[in-house]
Amino acid sequence: MSKVAVIVSLLVVVLLVIFFFGMNRNIAGLTEEVKSLGELRQDVSQLDGRMVKMEEGLPLEMKRLLALDMVNEMAMKSAYLGNTLEDQALRDKMQGILESLKEVRGALEK
């Protein structure tokens, strides 16, 4: 009976050692995963900051592009009117307007 008890206790010790090393390896892997989640959290917060900056800048850029498009349209219409009007005084005024629109377009393109 004592031989059986010694064999069973040795088997239990061997099983406990195997179980311990298996759990130790799993815990080490879990620790690595937790560390990588911390890095991932930092990456997500950086991306969130970049998105906020992009969202803030986008409406201003869209307004600028819309204004540039409108100025281009007005310049084309002014050029057309400047070429089709019969009165030279009106042509000169349209030419002045066209020059002003070109200045505005240059400022918007910067």
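Cut-offs and rules
- Residues numbered from 1 in each chain as written.
- Predicted model: local features only at pLDDT ≥ 70, side-chain atom pairs only at ≥ 80, totals over all residues.
- Heavy atoms only, no water.
- Helix = DSSP H or I, 4+ residues; strand = E, 2+ residues; numbered from the N terminus.
- Rg over C-alpha atoms; globule rule 2.2 N^0.38 Å.
- Buried < 20%, exposed > 50% of the residue type's maximum accessible area, 1.4 Å probe, protein only.
- Lys, Arg positive; Asp, Glu negative; His and termini not counted.
- Charge placed at Lys NZ, Arg CZ, Asp CG, Glu CD.
- Axes fitted to C-alpha atoms, helices over the stretch in contact; angles between N-to-C directions.
- Parallel < 35°, antiparallel > 145°, perpendicular 65-115°, else oblique.
- Left-handed = near helix turned anticlockwise from the far one by under 90°.
- Contact = heavy atoms within 4.5 Å.
- Nonpolar A, V, L, I, M, F, W, Y, C, P; charged D, E, K, R; others polar.

**So, the overall build of the chain**
- A count of helical and extended segments in the chain gives 2 helices and 0 strands.
- Here the C-alpha atoms of the chain give a radius of gyration of 39 Å, more than 25% beyond the 13 Å that 2.2 N^0.38 yields for 110 residues.
- Projecting the C-alpha coordinates of the chain onto the three principal axes gives extents of approximately 125 × 20 × 15 Å.
- By the burial criterion, 8% of the 110 residues in the chain qualify as buried.
- Across the chain, the centroid of the 14 positively charged side chains sits 8 Å from that of the 16 negatively charged ones.

**Focus: the packing of helix 1 (residues 2-84) against helix 2 (residues 88-109)**
- In contact at an axis separation of 9 Å, helix 1 and helix 2 are set at 160° when each is read in the N-to-C sense. Relative to helix 2, helix 1 is oriented roughly antiparallel. Crossing geometry of helix 1 relative to helix 2 is assigned as left-handed. On helix 2, the residues touching Arg64, Ala67, Leu68, Val71, Asn72, Met74, Ala75, Ser78, Ala79, Leu81, Gly82 and Asn83 of helix 1 are Arg91, Met94, Ile97, Leu98, Leu101, Val104, Arg105, Leu108 and Glu109.
- Among the residues forming the contact of helix 1 with helix 2, the class breakdown is 13 nonpolar, 4 polar and 4 charged.

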